[in-house]
Amino acid sequence: AQTVTQSQPEMSVQEAETVTLSCTYDTSESDYYLFWYKQPPSRQMILVIRQEAYKQQNATENRFSVNFQKAAKSFSLKISDSQLGDAAMYFCAYYQGAQKLVFGQGTRLTINP
Amino acid sequence: EPEVTQTPSHQVTQMGQEVILRCVPISNHLYFYWYRQILGQKVEFLVSFYNNEISEKSEIFDDQFSVERPDGSNFTLKIRSTKLEDSAMYFCASSAKGGGDLNTEAFFGQGTRLTVV
């Protein structure tokens, strides 16, 4: 079964600095999608960024980018120029077309002003 | 922008009572999902639904749970006899594609916080 692991329960960063959240996953499949979701205190799940496994180029969305290392099964999220509104739980998730997302345990990100 | 809508936002129920959580998926989506998040824990898959039937369910989704799409727009999750451990945030999601098609994105509702007392 696929598993997703986020080894950092909590991270903090100074406003305007850069932070990287780690995620590793386990799969025997070669074709899949990976996602980062943000969950603010309102607890809504908001898609931040996604990566197709067949693409070598790392996905980028404004201040958010990923470092996708397929051989290492690693998928980290980099947030540049951190803003107070980035404070949230961040979940890494895997999708392989099995009708479901598999989520990691989450990383709580705190932004220090 | 189209969105998934869930009602109610918060429901309190007594142990043993039945609850129905409601969701209105995005109108042209065909695949529907329920996920659960116990406070402080990760989001867990419960069930997926396509073409008016369950396509996959997790071990959490036992006989006390059921899903239905009663009228072509709503997608409901029923818990027949609630237990204290059912207290959680329940998220509905929908996607335009699913199954073997990887080019898809699941859109989540804002969640229903269920508290069983």
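This text goes with the structure placed above it.
Colleague: Please explain the side chain of Gln 37 of chain B as it appears in this structure.
Modeller: With respect to the secondary-structure elements, Gln 37 of chain B resides in strand S4 (residues 31-37). Take Gln 37 of chain B: its relative accessible area is 3%, and that puts it in the buried class. In terms of polar contacts, Gln 37 of chain B uses its side chain to reach the side chain of Gln 39 of chain A, at 2.7 Å. Looking at Gln 37 of chain B, its side chain comes within polar contact range of the side chain of Arg 43 of chain A, at 3.2 Å. If we ignore the near neighbours within four places in the chain, the residues touching Gln 37 of chain B are Gln 39, Arg 43 and Phe 91 of chain A together with Lys 42, Val 43, Ala 88, Met 89 and Phe 91 of chain B.

Colleague: Can you walk me through unusual backbone geometry in this structure?
Modeller: Most peptide bonds take the trans form, and the phi angle of most residues other than glycine is negative. Along the chain, Thr 7 of chain B connects to Pro 8 of chain B via a cis peptide bond; the corresponding omega equals -10°. Looking at the secondary structure, you find Pro 8 of chain B in the loop between strand S1 (5-7) and strand S2 (10-13). With phi around 80°, Ala 16 of chain A is a residue other than glycine that occupies positive phi space. Counting through the fold element by element, Ala 16 of chain A comes out in the loop between strand S2 (10-14) and strand S3 (19-21). Its relative accessible area of 45% is what places Ala 16 of chain A among the partly exposed residues. The phi dihedral of Lys 73 of chain A is positive, around 55°, even though this residue is not glycine. Within the element layout of this structure, Lys 73 of chain A appears in the loop between strand S8 (64-69) and strand S9 (74-79).

Colleague: What's the story with the packing of aromatic side chains in this structure? I'm lost.
Modeller: Given two aromatic rings, one states the distance between the centres and the angle between the planes to describe the pair. All names here are of chain A. According to the stated counting rule, one finds 21 aromatic pairs over all chains in the structure shown. The interplanar angle of 35° and the centroid separation of 5.2 Å between the aromatic rings of Tyr 32 and Tyr 94 together place this pair among those described as tilted. Highlighted residues: Tyr 32 in the loop between strand S4 (24-26) and strand S5 (33-39) and Tyr 94 in strand S10 (residues 88-95), separated in sequence by 62 residues. Tyr 32 gets classed as buried once you look at its relative accessible area, which sits at 1%. Residue Tyr 94 is classed as buried on the basis of its relative accessible area, which comes to 2%.

Colleague: Explain the environment of Leu 101 of chain A here, please?
Modeller: Relative to the assigned elements, Leu 101 of chain A resides in strand S11 (residues 101-103). Expressed as a C-alpha distance, the spacing of Leu 101 of chain A and Phe 35 of chain A, which sit 66 residues apart in the sequence, is 9.1 Å. The contacts of Leu 101 of chain A, once residues within four sequence positions are left out, are Phe 35, Tyr 37, Ala 93, Tyr 94 and Tyr 95 of chain A together with Tyr 35, Phe 45, Ala 106 and Phe 108 of chain B.

Colleague: Explain the side chain of Ser 82 of chain A here, please?
Modeller: All names here are of chain A. When you line up the elements, Ser 82 lands in the loop between S9 and S10. Under the relative-accessibility criterion, Ser 82 is labelled buried at 1%. Within polar-contact distance, the side chain of Ser 82 engages the backbone oxygen of Glu 17 at 2.7 Å. Not counting the four nearest positions on each side in its chain, Ser 82 is found in contact with Val 13, Gln 14, Glu 15, Ala 16, Glu 17, Thr 18, Val 19, Arg 63 and Ile 111.

The rules behind the values
- Residues numbered from 1 in each chain as written.
- Chains lettered and ligands numbered in written order.
- Predicted model: local features only at pLDDT ≥ 70, side-chain atom pairs only at ≥ 80, totals over all residues.
- Heavy atoms only, no water.
- Helix = DSSP H or I, 4+ residues; strand = E, 2+ residues; numbered from the N terminus.
- Buried < 20%, exposed > 50% of the residue type's maximum accessible area, 1.4 Å probe, protein only.
- Polar contact = N/O pair within 3.5 Å; in protein donor to acceptor, adjacent residues only side chain to side chain.
- Contact = heavy atoms within 4.5 Å.
- Phe/Tyr/Trp six-rings, centres within 6.5 Å; stacked < 30°, edge-to-face > 60°.

Everything listed here is a matter of geometry and, on its own, says nothing about what the molecule does.
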